[in-house]
Amino acid sequence: MPSISVPLSSEIVVTSPTVGQLIVFTGPSGVGKGTLLRQLLKHHPDIQLSISATTRQPRPGEEHGKHYYFVSRPEFKAMVEQNQLLEWAEFAGNFYGTPRQPLEAMISHGNVVILEIELEGARQVRATLPEAQQIFVLPPSLQELEDRIRQRGQDSEDAIAKRLARANVEIEAAEEFDIQIVNDNLERATRELEKILFTPRALKEEHPPSPQETQLPT
Ligand SMILES: Nc1ncnc2c1ncn2[C@@H]1O[C@H](COP(=O)(O)OP(=O)(O)OP(=O)(O)O)[C@@H](O)[C@H]1O
Ligand SMILES: Nc1nc2c(ncn2[C@@H]2O[C@H](COP(=O)(O)O)[C@@H](O)[C@H]2O)c(=O)[nH]1
């Protein structure tokens, strides 16, 4: 386990996550998963993000090997057939998957690793690695989710429609996850995420979040 220095929250002082080395971070497209993780990594650069393979086209600014491994459909199919992916799923018309080997290497080196993946992949990881901690990020409302996807300005109308349709299904599954975070205010939600990762599990169970914190959006 790496030594990771003190988090933002003034109430909690610990030196490393105590809840396991693999963290699955899920939630509907546009809810702010990537944004939250970028905030988290500013304070905890030792935490590793798994780099997924995808058949989606790169967005402006996205780099092969940094944001994703951008592969063709035949290449993705070969990865699946060769059992190179820990999990994979089709999402909004493209395929996404977690390369197994780099993940295993990061974990064997004692790193804390986060998978930012959609619902079906998260379910696959839960089945194969039930010890992984599973976190679901909720939007404050469906309207805010749509506003965020549109404001990001990266997706076609067709892609937005597919992502929003899928969001309804994903949000209904939020309670399958160990923990739900509402990404309302970015700073507050980042602090909450940090607290979850750096608080001993027993303490969380003694002090579950209030119903208001976990309320599903309408
Ligand atoms: N708390 C917040 N308040 C307002 N806007 C936010 C907040 N968090 C993220 N955003 C904005 O919402 C948009 C979507 O965020 P982001 O790309 O991080 O979502 P995502 O969940 O990673 O999406 P995807 O799953 O499609 O990759 C971005 O424009 C981001 O700046
Ligand atoms: N099952 C998996 N889902 C993944 C993986 N990498 C990313 N994702 C999820 O896909 C959607 C869309 O991502 P985008 O970058 O096209 O907006 C989003 O929910 C990601 O979390 C993966 O390896 N496996």
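Residues numbered from 1 in each chain as written. Chains lettered and ligands numbered in written order. Predicted model: local features only at pLDDT ≥ 70, side-chain atom pairs only at ≥ 80, totals over all residues. Heavy atoms only, no water.

Here the focus is the layout of surface pockets. Size it by volume and the largest pocket reaches roughly 1,200 Å³. Lining the largest pocket are 42 residues, and of these G34, R38, R59, Y68 and E116 sit closest to its centre. At the level of elements, helix 1 (33–43), strand 5 (85–91), strand 6 (94–99), strand 7 (113–116), helix 5 (142–152) and helix 6 (157–172) are the ones that each hand at least two residues to the lining of the largest pocket. Of the residues that constitute the lining of the largest pocket, the class distribution is 14 nonpolar, 14 polar and 14 charged. (1 Å grid on protein atoms, 1.4 Å probe; cavity = no way out; pocket = protein on both sides within 12 Å on 5 of 7 lines; lining within 4 Å. Points joined across faces, edges and corners; volume = space filled by probe spheres on them. Helix = DSSP H or I, 4+ residues; strand = E, 2+ residues; numbered from the N terminus. Nonpolar A, V, L, I, M, F, W, Y, C, P; charged D, E, K, R; others polar.)

Moving on, we get to the sheet that holds strand 9 (residues 179–182). Taken in spatial order, the 5 strands line up as 2-7-1-8-9 in an open sheet, and their pairing is parallel. Each edge of the open sheet carries a strand with a single partner, namely strand 2 (48–49) and strand 9. Examined bridge by bridge, strand 1 (residues 22–26) and strand 7 share 4 bridges and lie parallel to one another. When the bridges of strand 7 are listed, V24 appears paired with L115. Each of strand 1, strand 2, strand 7 and strand 8 (133–138) touches helix 1; the most contacted strand, strand 7, lies at about 165° to it. Along the sheet face, helix 3 (residues 100–108) touches strand 1, strand 2 and strand 7 and points at about 150° away from the line of strand 7. (Pairing = 2+ DSSP bridges. Contact = heavy atoms within 4.5 Å. Axes fitted to C-alpha atoms, helices over the stretch in contact; angles between N-to-C directions.)

Once that is clear, we can look at the site of ligand 2. Taken together, 16 residues lie around ligand 2, and S52, R56, Y68, Y96 and R163 are the ones closest in. With respect to ligand 2, the backbone of E116 contributes an N or O atom lying 3.4 Å from an oxygen atom. Here an oxygen atom of ligand 2 sits 2.7 Å away from a polar atom, N or O, in the side chain of R163. Taken by itself ligand 2 offers 510 Å² of open surface, and the protein chains cover 96% of this. Structurally, ligand 2 is housed in the largest pocket. (Near = heavy atom within 4 Å. Polar contact = N/O pair within 3.5 Å; in protein donor to acceptor, adjacent residues only side chain to side chain. Areas by Shrake-Rupley, 256 points an atom, 1.4 Å probe, with all protein chains shown as cover. Sits in = over half its atoms within 2 Å of the grid points.)

According to UniProt, the "binding site: ATP" (unreviewed entry) feature falls on G27, P28, S29, G30, V31, G32, K33 and G34. Of the residues named above, G27, P28, S29, G30, V31, G32, K33 and G34 line the largest pocket. Within the fold, S29 resides in the loop between strand 1 and helix 1. By relative accessible area, which is 7% here, S29 ends up buried. The residues touching S29, leaving out its near neighbours within four places in the chain, are F91, L145, I149, R152, R163 and E170. Side chain to side chain, S29 and R163 meet in a polar contact 2.8 Å long. Note on placement: V31 falls in the loop between strand 1 and helix 1. Beyond its immediate sequence surroundings of up to four residues, V31 is in contact with V137, L138, P139, L145, R148 and N183. (UniProt positions renumbered as here; feature names shortened; annotations may be inferred. Buried < 20%, exposed > 50% of the residue type's maximum accessible area, 1.4 Å probe, protein only.)

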